[in-house]
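An overview of the molecular structure
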Amino acid sequence: MTVVWIVLKILVVTAFIQLAVAYLILLERKIAAYIQQRIGPNRAGWHGILQPIADGVKFLLKEDFVPESANKFLHALAPAIAMVTAVMAFAVVPFGPTDPSDPDAPQFVIAPGIDVGLLYIFSVSSLAVYAVILGGWASNNKYSFLGGLRSAAQVISYEIPLGLAVLGVILLARSLNLEQIVAAQADRVWFVFYQPLGFLIFLAAAFAETNRAPFDLPECEQELVGGYHTEYSGMKFALFFLGEYTHIITVSYLTAILFFGGWDLPFIVSADDRGFLAGLLKVLVLLVKAFCMIVFMMWVRWTLPRFRFDQLMRLAWKALIPLALLNLVLTAVLVHVARSFGLVDQFRVAVAYLWVIGAIVLVIAVGWLINASRRSAYGT
Amino acid sequence: MTPYVSLASYLVLFLLGGFIAVFAALVVGWLVRPNNPAEDKLEVYECGEPTIGSSWIQFDLRFYVVALLFVVFDVEVAFFFPWATVFGTARHLADPSVTEQSVRAALTAKLAGAPIEEVRPQAVPEGSTQEAISHEDAWTITALAVADLAVFFGVILLGFAYLWKRGDIEWVRSTLAEERTPEELVEELAAPEEEQPQLTLTGASSATSSSP
């Protein structure tokens, strides 16, 4: 593949992401409006269809304020980091069928055949915390600073359960390569059925990683004005926004790939289908799965109230991390035991897993309830 | 091209593309936006109140503790990633039902760290005599992997239990949590006078308030 071809692909995909982000913001506003029994943006174009363009023009024409006491260089660098890391993480995420062993087939990913794809996504997306903390610190604003610190603590705390939850999938798929993970699900059942607990942990951690409600502490407007981006305006603010929504797209694609079989859809399109039409269908299937996840994230944002910060940290360190460790050990043991007994039948493994998880969750829930009733006696 | 080289080149290209996109946006904005400076616009927005001092001051130590804990646990998770792939692959190789030569050769290549193009069963030529790890050897690798994990995991769990006990993963470390309940207070007051020389409501000796 020539360099020109790669650059072309990067440009097309990046431009498409930007466009998608612009319309996702409109979608979010519409969903928010309908949930709150409003109409939402409807002035620019038919049903507000031109609103993203109007927003873009507004961002460009907005005057750019930088506080005098701010660190000018870091203040400008932070939104750039937010944007670059968000787009970079998408490099290894396949948005359609890929097969590196077949060079003639179209590769629907910017960088095909990356062995360490998942590790790369984790490392790059954790760089995004620099954007938040630098933006908050460089503004020299107490609200921004507090928002940045909170966000840093939140993102790094939830990165651990996120990684641990994904490890269960890696154990089953035996690979860090996203294409291989999809291939591992094509001839079996989607991993969400083998890893229900892992999926829930991943979901909660992904919400926190993308700073989405109910974990949108870094920008909770009621207590921190705008959080880390209080002092940002114009294009710099837009870059933070674009980065955040790009992150959401990446996470949604990842969820579809890791837990929902990627471009595989039973009875409609299977991994063996070749040709142009099958390829197109696979791209569409993955797109629809990711889109469902995005809509779900928006739905949750306008349904659940925000956590308090101490609740947030308690959830990460006292609930999600122990559960994720448990999930990892259980998966490893079950994979090991199942193979030792020649029990390659994946369904029986999954059923055993579900039973064990169900029993443990029940015990924890009962313990929690007893504890809660004891605590409430003192009104704390 | 090995995958590592191509990963690096993709990364550089993508990074370049990202920075160009960002700076193009910023430069276009700089060209078209109005510039209307005023003294008030240079101030920090803190809800309209006059700003008191800089915000670059000492911050809550708890954030620092969380960052330290993160480093420990994230390194742990990073070590788990390669372990999971090796364990899964070795366990697959040790499975007596996996006998097809091409599959075994591909798995062996993967275990040895071959690039992804070469670890597909179809990438191994038909009837090749490429050596594959035997079931027994794969079993040894699996057992080793389990032992490795047991030790590693044990240490991590011990550390986690210690942190939990010490209260480092507690976010709220107020004195309220250490306050005696009414029952305890009554009990304490009923105790002989000389055994409680300093009776305060917010005792600082509890485990939850320990600081490094």
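Keep in mind that what you see is a predicted model, and the values were worked out from it rather than measured. (Residues numbered from 1 in each chain as written. Chains lettered and ligands numbered in written order. Predicted model: local features only at pLDDT ≥ 70, side-chain atom pairs only at ≥ 80, totals over all residues. Heavy atoms only, no water.)

1. Considerations on helix α6 (residues 142-173) of chain A
Residue and element names in this part refer to chain A. Here α6 contains 32 residues, and its C-alpha end-to-end distance of 46 Å stays within 8% of the 46 Å for a straight helix at 1.5 Å per residue. α6 sits mainly inside the fold: 29 of its 32 residues count as buried. A distance of 2.8 Å separates the backbone nitrogen of Y143 from a side-chain oxygen at the start of α6, and that oxygen is part of N141. R174 occupies a position one or two residues after α6 and carries a positive phi of about 60°. (Helix = DSSP H or I, 4+ residues; strand = E, 2+ residues; numbered from the N terminus. Expected span 1.5 Å × (residues − 1). Buried < 20%, exposed > 50% of the residue type's maximum accessible area, 1.4 Å probe, protein only. Polar contact = N/O pair within 3.5 Å; in protein donor to acceptor, adjacent residues only side chain to side chain.)

2. Details of the domain arrangement of chain A
Residue and element names in this part refer to chain A. Segmenting chain A into domains produces domain 1 (1-59) and domain 2 (62-314). Listed per partner, the contact involves 18 residues of domain 1 and 25 residues of domain 2. The contact between domain 1 and domain 2 buries some 2,100 Å² in all, and 77% of this surface belongs to carbon and sulfur atoms. Among the residues of domain 1 in contact with domain 2, L24, E28 and F59 are the three that bury the most area, contributing 31% of the side total. Linking domain 1 with domain 2 are 1 salt bridge, by the criterion used here. (Domains from an automatic or database assignment. Contact = heavy atoms within 4.5 Å. Buried area = accessible area lost by both parts, 1.4 Å probe. Salt bridge = Lys/Arg side-chain N within 4 Å of Asp/Glu carboxyl O.)

3. Looking at the packing of aromatic side chains
Evaluation of the coordinates by the stated rule reveals 21 aromatic pairs over all chains. A centroid spacing of 5.6 Å and a plane angle of 80° characterise the contact between W317(A) and F73(B), whose relative ring orientation is edge-to-face. With W317(A) in helix α13 (residues 309-340) and F73(B) in helix α2 (residues 61-94), this residue pair bridges two chains. Under the relative-accessibility criterion, F73(B) is labelled buried at 3%. Geometrically, the ring pair formed by F73(B) and F160(B) is edge-to-face, given 5.4 Å between the ring centres and 75° between the ring planes. Of the two residues, F73(B) is situated in helix α2 and F160(B) in helix α4 (residues 135-166); the sequence distance between them amounts to 87 residues. Residue F160(B) is classed as buried on the basis of its relative accessible area of 5%. Here the aromatic residues F79(B), F80(B), W83(B), F87(B), F152(B) and F153(B) are joined through ring pairs into a cluster of three or more. (Phe/Tyr/Trp six-rings, centres within 6.5 Å; stacked < 30°, edge-to-face > 60°.)

4. Details of unusual backbone geometry
All names here are of chain A. Within the chain, Q37 stands out as a residue other than glycine whose phi angle is a positive 55°. Among the secondary structure elements, Q37 is positioned in the loop between α1 (3-35) and α2 (51-61). For H47, which is not glycine, the phi torsion reads 55° and is therefore positive.

5. Re the interface of chain B and chain A
Interfaces are often sized by the amount of accessible area the parts lose when they come together. Contacts between the two partners involve 77 residues from chain B, matched on the other side by 83 residues from chain A. Carbon and sulfur atoms supply 74% of the area buried between chain B and chain A, which totals about 7,400 Å² over both sides. Inspection of the chain B/chain A interface yields 0 salt bridges. On the surface where chain B and chain A come into contact, there are 0 residue pairs in polar contact (both at pLDDT 80 or more). For the side of chain B that touches chain A, the elements supplying multiple residues, two or more each, are α1 (3-32), α2 and α4 of chain B. Looking at the side of chain B that touches chain A, the element that brings in the most residues is α2(B), giving 19 residues. For the side of chain B that touches chain A, the class distribution of residues is 48 nonpolar, 16 polar and 13 charged. (Nonpolar A, V, L, I, M, F, W, Y, C, P; charged D, E, K, R; others polar.)

6. Quick notes on the nonpolar core
Ranked by size, the top nonpolar core spans 123 residues in total, and within it L118(A), L164(A), L178(A), F202(A), L258(A), W317(A) and W83(B) carry the most contacts. Among the elements that line this core, the one with the most residues is α6(A), at 16 residues. Lining this core are residues from two domains, each supplying at least three of them: domain 1 (1-59) and domain 2 (62-314) of chain A. In this structure W83(B) touches L171(A), A332(A), A145(B) and L149(B), once residues within four positions along its chain are discounted. Counting 11 residues, the second-largest nonpolar core is a separate cluster that includes L74(A), A78(A), L134(A) and A138(A). (Core = buried A, V, L, I, M, F, W, Y, C linked by side-chain atoms within 4.5 Å.)

7. A short note on the packing of helix α9 (residues 196-209) of chain A against helix α11 (residues 234-259) of chain A
Relative placement of two packed helices is described by the angle separating their axes and the distance separating the axes. Residues and elements named next belong to chain A. At a minimum axis separation of 11 Å, α9 and α11 run at an interaxial angle of 170°. When the axes of α9 and α11 are compared, the pair comes out roughly antiparallel. Packed against α9, whose contacting residues are G198, F199, F202, A206 and E209, the element α11 presents H247, V251, L254, T255, L258 and F259 at the interface. Split into classes, the residues belonging to the contact of α9 with α11 amount to 7 nonpolar, 3 polar and 1 charged. (Axes fitted to C-alpha atoms, helices over the stretch in contact; angles between N-to-C directions. Parallel < 35°, antiparallel > 145°, perpendicular 65-115°, else oblique.)

8. Concerning the confidence of the model for chain B
All names here are of chain B. For chain B, per-residue confidence averages 71 on the pLDDT scale, and 70% of positions sit at 70 or higher. Note on residues 201-212: pLDDT is under 50 here. Beyond four places in sequence and across chains, it has 15 contacts. The complex prediction reports pTM at 0.80, with the ipTM value standing at 0.73. (pLDDT = per-residue confidence, 0-100.)

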